[in-house]
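Structure assessment
Here is what each chain is made of, one letter per residue.
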Amino acid sequence: MASTTAAEAGAADRAGKARLGGTLYRGDPGMWSWVAHRITGVLVFFFLFVHVLDTALVRVSPHAYDEVIATYKSPIMILFELGLVGAVLYHALNGVRVMLVDFWAKGIKYQRPMLWTIVGIWLLVMIPGSYYLLSKGIAELFGGS
């Protein structure tokens, strides 16, 4: 009265062994794109939440608001600003790619080339942006103008 055949039992056994031996995610670029899109979305949301709070602080205490803004000008915060620029840029570019995959008939066929295109555009924008922000941070750190 066994309801499964030997072939089905063997397939289920192999599937279980494959999952136990490694991770469910195999490192496909599309999967990492999905993960990065979710992470950057959460980071941008967190930034917007903090931004609303610190801007609302001006109505409560202008002096406290000035202190918070002075904190944002520190060199370590410039690194966070660079991370924010990178997260917003990646999230926006990948969002366009996701929309093209969803609404363009040939989007699925070209999703991998579009992924590498957005990575290239991201690098083209981030390299000069990083140079500008990091040189600004270094100048601030060592007392330059």
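Before reading on, note that the structure itself is shown above.
Summary of the structure given here. (Residues numbered from 1 in each chain as written. Predicted model: local features only at pLDDT ≥ 70, side-chain atom pairs only at ≥ 80, totals over all residues. Heavy atoms only, no water.)

Space inside the largest pocket adds up to approximately 650 Å³. Breaking the lining of the largest pocket down by element, the ones donating at least two residues are helix H2 (29-60), helix H4 (75-103) and helix H5 (111-141). (1 Å grid on protein atoms, 1.4 Å probe; cavity = no way out; pocket = protein on both sides within 12 Å on 5 of 7 lines; lining within 4 Å. Points joined across faces, edges and corners; volume = space filled by probe spheres on them. Helix = DSSP H or I, 4+ residues; strand = E, 2+ residues; numbered from the N terminus.)

A separate point is the environment of Leu 115. Take Leu 115: it is sitting in helix H5. By relative accessible area, which is 6% here, Leu 115 ends up buried. Residues Leu 115 and Leu 93 lie 22 residues apart in sequence; the distance between their C-alpha atoms is 9.2 Å. (Buried < 20%, exposed > 50% of the residue type's maximum accessible area, 1.4 Å probe, protein only.)

Bringing the packing of H2 against H4 into the picture now. H4 packs onto H2 with a crossing angle of 130° between their chain directions and a minimal axis gap of 9 Å. Taken together, H2 and H4 sit at an angle that is classed as oblique. Crossing of H2 over H4 shows left-handed handedness. From H2, Ser 33, Ala 36, His 37, Thr 40, Gly 41, Val 44 and Phe 47 reach across to H4, where they touch Leu 84, Ala 87, Val 88, Tyr 90, His 91, Asn 94, Gly 95 and Arg 97. (Axes fitted to C-alpha atoms, helices over the stretch in contact; angles between N-to-C directions. Parallel < 35°, antiparallel > 145°, perpendicular 65-115°, else oblique. Left-handed = near helix turned anticlockwise from the far one by under 90°. Contact = heavy atoms within 4.5 Å.)

One finds Ile 78, Leu 82, Leu 89, Tyr 90, Leu 93, Leu 115, Ile 118, Met 126 and Leu 133 forming the largest nonpolar core, which totals 9 residues. For this core, the secondary structure elements donating two or more residues are H4 and H5. Top element by residues in this core is H4. It accounts for 5 residues. If near-sequence neighbours (up to four positions away) are discounted, Met 126 is found in contact with Leu 82, Val 85, Gly 86 and Leu 89. (Core = buried A, V, L, I, M, F, W, Y, C linked by side-chain atoms within 4.5 Å.)

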